[in-house]
Amino acid sequence: MMDNIWGQACAELEKSVGPNNFNHWIKPLRLTALKDGVAHFASPTRFVSDWVYRHFADDILAQLNKLGPGIDRLRFEVIPQQAPAGARSRATVEAAQQPGAQASSSDPAPVTARATRKAELCAPLDPRFTFGNFVVGKPNELAHAAARRVAEGGPVGFNPLFLYGGVGLGKTHLMHAIAHDYQSRHPSAQVLYLSAEQFMYRFVQALRESTIMDFKGMFRNVNMLMVDDVQFIAGKDSTQEEFFHTFNALVDQGKQIVISADRAPAEIKGLEERIKSRLSCGLIVDLHPTTYELRLGILQSKTETFRKQNPDVRIGDGVLEFLAHRITTNVRVLEGALQRLFAHASLLRREITLEVAQECLADILRTNDRKISIDDIQRKVAEHYNIRLSDMIGPKRSRNVARPRQIAMYLSKQLTSRSLPDIGRRFGGRDHTTIMHGVRKIEELSAGDHGLAEDIGMLKRLLEA
Ligand code: ADP
Ligand code: MG
C-alpha cells in the first residue's frame, strides 16, 4: 500500500517538478514509513535529502496529502543504496557521520500550508509540447527563435516575452517548450506556468482564505513565471492589480516572464494602460496564421509520430496535401483530423486514400468550408475600410471603394472554396475575369506594400477567429 501511494505520488511529482529534477532528486528516495503525520524516507546521501528538503518538500507533502494520508512532515534517513564496491565505503562514512540524519522542520505547519498552495498553483506541462516537436515555418519562426532564446536563460533575454496569435497556432506549445527546456538547463530553478484564469482563481481563493501573503510569496519566489491567455484578466480589476505587482516584482528582480494572449497588448480591451505599457517593454512577437507549407510540415511530422505507434498504417498519395489545403484554421483541428484518420485506418486495416479521408473527415471539412462566407468577408472588409456594404456589390469605381472590393474578392478566393464565377455573382453579378483581375491585383500589390499585406493578414485573422 505504501509503495502504491509513493508510486502515485511519484507520477504526479515527475510532472510537477519536471523529469530532470525528478530523476535526479526524488527518484533516489524510498518511502519507508508513514506514521503519525510523518513521512519517513530513505535517502542515499545527506546531500540529496537536504536538497529535496529545501526544494521539493512542498511538492512531496502536497502530493502525499492529495492521496490522503494526512502528512505534515518529512523525515529523511540516510541509507546508502547498493552502491558499487568502490563508492560504498564513502557512502557508508557519510551515513555513519550522520546517523539517522533528520531534516525535519521545527515548525511543520507553515510547510504544509505552503505545500498545498504551490501544488495548486502550477499547471501541469504537456510532455509532448517540446521544441523538438514544434515545426518551424515562416509564420512562427520569430516566435520560435524568441522562445528558444528565453529558454536558454542567458543574460540576453527579453523581459517579458509576449507571444500572441489566433487559436491553435502554438502559443501554449511554445510556452511549455520553454518551461521544459529551461528546467532541464536549470534543474533547481522554479518555473511556474499557469493560465491567467488559474491565476485569477487562485488569487480570489487566497483572498477568501486570507492566505494572500503565501500567494504573493509563492509568485515572488519563482525564477520564471509563465501566464497563458492573459486576455482573460482584461476587465477584472483587482486581478489585474495583483498581476501588475507580481509582474513588476519579478521583472525588477530580473526574473523571466513569458506571457501569451490571443491579440497584441494594445488590442486587448479592458487591460490597464500601465500593464500594456509594461508588457510592451519586452519583446512582442506574433504567431501568424499557418501557411500551406507549414501545415504540410506539421502533418508530415505528426504522421511520423503516429506511424511509430501504428507502423502498418498506409497513407495514400496526396492525402496530407489535401488536408493541408482544406483545413486551414487551426493546428489543433488539423492534428485531430490526422489522428482520426489513423484510428480509422488501423481499425479497418485499410489504406487511407483520398476518398477514405474525404469520407472520414466529412464533418470537419464541411465546417472548415462553412466557416467563412463571402457575406462575412464583405461585411468585415467594408467595416475595416469604412465603406458601405452596398458599395461592395455596387458599380462605384473610385479607388477608395474599388480597392477594398478587390481585397474582399481576394479574401473570398483565399478563404472559401467558391469558384470565380460564384464569387462574381456575389459581387453584384460581376464577370469571373473581373474577379480574377481583382485577386491578381491584390497579390501584386501586397507583395510590395507592407501595410497592405498587414491589413490583409489582420482581416484574415479576424475572419478565421
Ligand atoms: P494555442 O495555445 O496557440 O491556442 P496550442 O499551443 O495549444 O495553441 O496548439 C494547438 C495544437 O497544435 C497543439 O497540439 C500543438 O502541439 C499543435 N501545434 C501548433 N503549432 C504547432 C507547430 N508549429 N508544430 C507542431 N505542432 C503544433
Ligand atoms: Mg493556448
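Everything below is about the structure shown above.
Okay, so let's go over this structure. Since the structure is predicted, the reported quantities are computational estimates derived from the model, not experimental observations.

**Some details on the overall build of the protein chain**
Assigned secondary structure in the protein chain consists of 22 helices and eight strands. A burial count over the protein chain gives 46% of its 465 residues as buried. Expressed as a percentage of contacts within the protein chain between residues at least 6 apart in sequence, the contacts between residues at least 24 apart total 74%. As presented, the protein chain carries roughly 23,100 Å² of accessible surface, and 51% of it is formed by carbon and sulfur atoms.

**Digging into the pairing of strand β1 (residues 30-35)**
The sheet contact formed by β1 and strand β2 (residues 38-43) spans five bridges and is antiparallel. Paired with Leu31 across the two strands is Phe41, which belongs to β2. Hairpin geometry of β1 and β2 is characterised by an intervening segment of two residues between the two adjacent antiparallel strands and by a positive phi of about 50 degrees at Asp36.

**Describing the layout of surface pockets**
Its boundaries defined by the atoms lining it, the largest pocket holds a volume of some 1,400 Å³. Tallying contributions element by element places helix α22 (residues 450-464) first for the lining of the largest pocket, with 10 residues. Broken down by class, the residue content of the lining of the largest pocket amounts to 12 nonpolar, 13 polar and 17 charged. In this model, the second largest pocket occupies a volume close to 810 Å³. Phe129, His173, Lys302, Val331 and Glu335 are, among the 29 residues lining the second largest pocket, the residues nearest its centre. Elements with a minimum of two residues in the lining of the second largest pocket: α7 (171-185), α12 (292-309) and α14 (331-348). Of the residues belonging to the lining of the second largest pocket, the class tally is nine nonpolar, 13 polar and seven charged. Three or more residues apiece are contributed to the lining of the second largest pocket by two domains, here domain 2 (131-286) and domain 3 (292-368).

**Focus: helix α17 (residues 374-385)**
Side chains of residues three or four places apart in an α-helix project in the same direction, reflecting 3.6 residues per turn. With 12 residues, α17 ought to run about 16 Å at 1.5 Å a step, and its terminal C-alpha atoms sit 16 Å apart, in line with that. Within α17, burial applies to Ile374, Ile377, Gln378, Val381 and Ala382. For α17, the buried positions fall inside an angular range of 120 degrees around the axis, keeping them on one side. Those residues of α17 that are buried lie in contact with α18 (389-393), α19 (399-415), α20 (420-426) and α22. Phi for Asn386, located one or two positions after α17, is positive at around 60 degrees.

**Thoughts on the site of ligand 1**
In the vicinity of ligand 1 lie 18 residues, with Val135, Gly168, Thr172, His173 and Glu335 positioned nearest. Arg332 has a polar side-chain atom sitting 2.8 Å from an oxygen atom of ligand 1. For ligand 1, the protein covers 94% of the area, taking 560 Å² as the surface of the free molecule. Here ligand 1 is seated within the second largest pocket. Sorting the residues of the shell around ligand 1 by element identifies α7, α12 and α14 as the ones contributing at least two each.

**Section: the nonpolar core**
Of all hydrophobic cores here, the largest spans 30 residues; its most connected members are Phe162, Leu225, Val227, Val230, Phe243 and Ile259. Counting residues per element, the ones that place at least two in this core are β4 (161-165), β5 (191-195), α8 (196-208), α9 (212-220), β6 (224-228), α10 (237-252), β7 (256-261) and α11 (273-279). Per element, the largest residue contribution to this core is five residues, and it comes from α10. Ignoring any residue separated from it by four or fewer positions in sequence, one finds Leu225 in contact with Leu192, Leu194, Phe219, Thr246, Leu250, Gln256, Ile257 and Val258. Membership of the second largest hydrophobic core comes to 25 residues, among which are Val150, Leu163, Leu169 and Ala179.

**Some remarks on the pattern of salt bridges**
Here the structure, examined in full by the defined rule, presents 15 salt bridges. Here Asp126 ties to Arg128 by a salt bridge, and the two come within 2.7 Å at their closest N and O atoms. Residue Asp126 is classed as buried on the basis of its relative accessible area of 17%. Using a relative accessible area of 53% as the deciding quantity, one classes Arg128 as exposed. In this structure, Glu335 engages Lys302 in a salt bridge whose closest nitrogen and oxygen atoms are separated by 2.6 Å. A residue pair is termed long-range when its members are at least 10 positions apart, and Glu335 in helix α14 and Lys302 in helix α12 qualify at 33 residues. Through salt bridges with shared partners, a single network forms among Glu241, Glu272 and Arg274.

**Remarks on the sheet that holds strand β8 (residues 283-287)**
Here we have five strands laid out as an open sheet, ordered β5-β6-β7-β4-β8, and parallel in their pairing. Here the strands that pair on one side only, and so sit at the sheet edges, are β5 and β8. Neighbouring strand axes in the sheet, compared pairwise and without regard to direction, differ in orientation by 15 degrees on average. Against the sheet, α8 engages β5 and β6, with an angle of about 95 degrees to β5. Sheet strands in contact with α10 are β6 and β7, and its direction is about 140 degrees off that of β7.

Quick notes on the rules
Residues numbered from 1 in each chain as written. Chains lettered and ligands numbered in written order. Predicted model: local features only at pLDDT ≥ 70, side-chain atom pairs only at ≥ 80, totals over all residues. Heavy atoms only, no water. Helix = DSSP H or I, 4+ residues; strand = E, 2+ residues; numbered from the N terminus. Buried < 20%, exposed > 50% of the residue type's maximum accessible area, 1.4 Å probe, protein only. Contact = heavy atoms within 4.5 Å. Areas by Shrake-Rupley, 256 points an atom, 1.4 Å probe, with all protein chains shown as cover. Pairing = 2+ DSSP bridges. 1 Å grid on protein atoms, 1.4 Å probe; cavity = no way out; pocket = protein on both sides within 12 Å on 5 of 7 lines; lining within 4 Å. Points joined across faces, edges and corners; volume = space filled by probe spheres on them. Nonpolar A, V, L, I, M, F, W, Y, C, P; charged D, E, K, R; others polar. Domains from an automatic or database assignment. Expected span 1.5 Å × (residues − 1). Arc of directions from axis to C-beta. Near = heavy atom within 4 Å. Polar contact = N/O pair within 3.5 Å; in protein donor to acceptor, adjacent residues only side chain to side chain. Sits in = over half its atoms within 2 Å of the grid points. Core = buried A, V, L, I, M, F, W, Y, C linked by side-chain atoms within 4.5 Å. Salt bridge = Lys/Arg side-chain N within 4 Å of Asp/Glu carboxyl O. Axes fitted to C-alpha atoms, helices over the stretch in contact; angles between N-to-C directions.

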